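Summary of structural features
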Amino acid sequence: MKVGVLASGEGSNLQAILDRVHGRAGVEVVAVGSDKPEARALERAAAAGVATRAFPLAEHADRHARDAAMAAWLAGAGVELVVLAGYMQLVDAAFLRRFPQRVINVHPALLPAFPGIGSVEQAVAYGVKVFGVTVHFVDEGVDTGPIILQRALDLPAATDTQTVRNALHPIEHDLLCEAVRLIARDAVRIDPANPRRVLIAAV
Ligand code: GRF
């Protein structure tokens, strides 16, 4: 399965995919794109010999034109699954139609709680005791797509956002890699009886 990854920043989730899944489990990362030409993620991809390209908004008429250019580039590379790994932009409806039920995202919270940007900050400020990570399909909402995998993390005494982020990162890496493997094994289905529900076949 050919995988395309979109990332806006550091790229630790991308690195986990490159180290643990790329070239194994029937998965090949063939393209890494970013909205930020300076993203560290692009350097990580280049170091792994994967094609990269930046799509800064300023180089396109608007975000729809940018998303269309990104979709065309990914499709041109034969991408069958798009992974949003710290990609901090919404993709538009036309982009999602180009990769139906084949766009996934990792989010550092137990959705539906704390969607959007700043979710860890919101959770710490809210005083939650249990944090977590969600990997989900992307739909036209903000972090509202059907949930593929989740894992909780007990941090009853958490007061510092960066400490929580650091504790969540390894879980993100595990869950995102596992989701890509499961999809490559064709083990992930949307429940026909309930399109909100994702079924994972035992393998
Ligand atoms: C991760 O915490 C991810 O959940 C969020 O953005 C962060 C990206 O981290 N959407 P990295 O760039 O993969 O290190």
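Read on for a plain summary of the structure.

Definitions and cut-offs
- Residues numbered from 1 in each chain as written.
- Predicted model: local features only at pLDDT ≥ 70, side-chain atom pairs only at ≥ 80, totals over all residues.
- Heavy atoms only, no water.
- Near = heavy atom within 4 Å.
- Polar contact = N/O pair within 3.5 Å; in protein donor to acceptor, adjacent residues only side chain to side chain.
- Areas by Shrake-Rupley, 256 points an atom, 1.4 Å probe, with all protein chains shown as cover.
- Buried < 20%, exposed > 50% of the residue type's maximum accessible area, 1.4 Å probe, protein only.
- Helix = DSSP H or I, 4+ residues; strand = E, 2+ residues; numbered from the N terminus.
- Pairing = 2+ DSSP bridges.
- Right-handed = clockwise from strand over helix to strand, strands pointing away.

In the neighbourhood of the ligand, the contacting residues comprise Glu10, Gly11, Ser12, Asn13, Gly86, Val106, Pro108, His169 and Glu172. Contacts to the ligand include Gly11, whose backbone N or O atom sits 2.8 Å from an oxygen atom. For the ligand, the accessible surface in isolation is 370 Å², of which the surrounding protein chains cover 87%.

Turning next to the pairing of strand E5 (residues 103-107). Across the five residues of E5, five count as buried, placing the element largely inside the fold. Burial along E5 is two-sided: the residues Val103, Asn105 and His107 and Ile104 and Val106 are all buried. Summarising the sheet, strand E4 (residues 81-84) and E5 pair through three bridges and their orientation is parallel. When the bridges of E5 are listed, Val82 appears paired with Val103. In this view, the connection linking E4 to its parallel neighbour E5 by way of helix H4 (residues 93-98) has right-handed handedness. Sheet analysis places E5 next to strand E6 (residues 130-137), joined by four bridges and oriented antiparallel. Its bridge partner lying in E6, Val106 is registered against Val135.

All quantities given are derived from atomic positions and should not be read as evidence of function.
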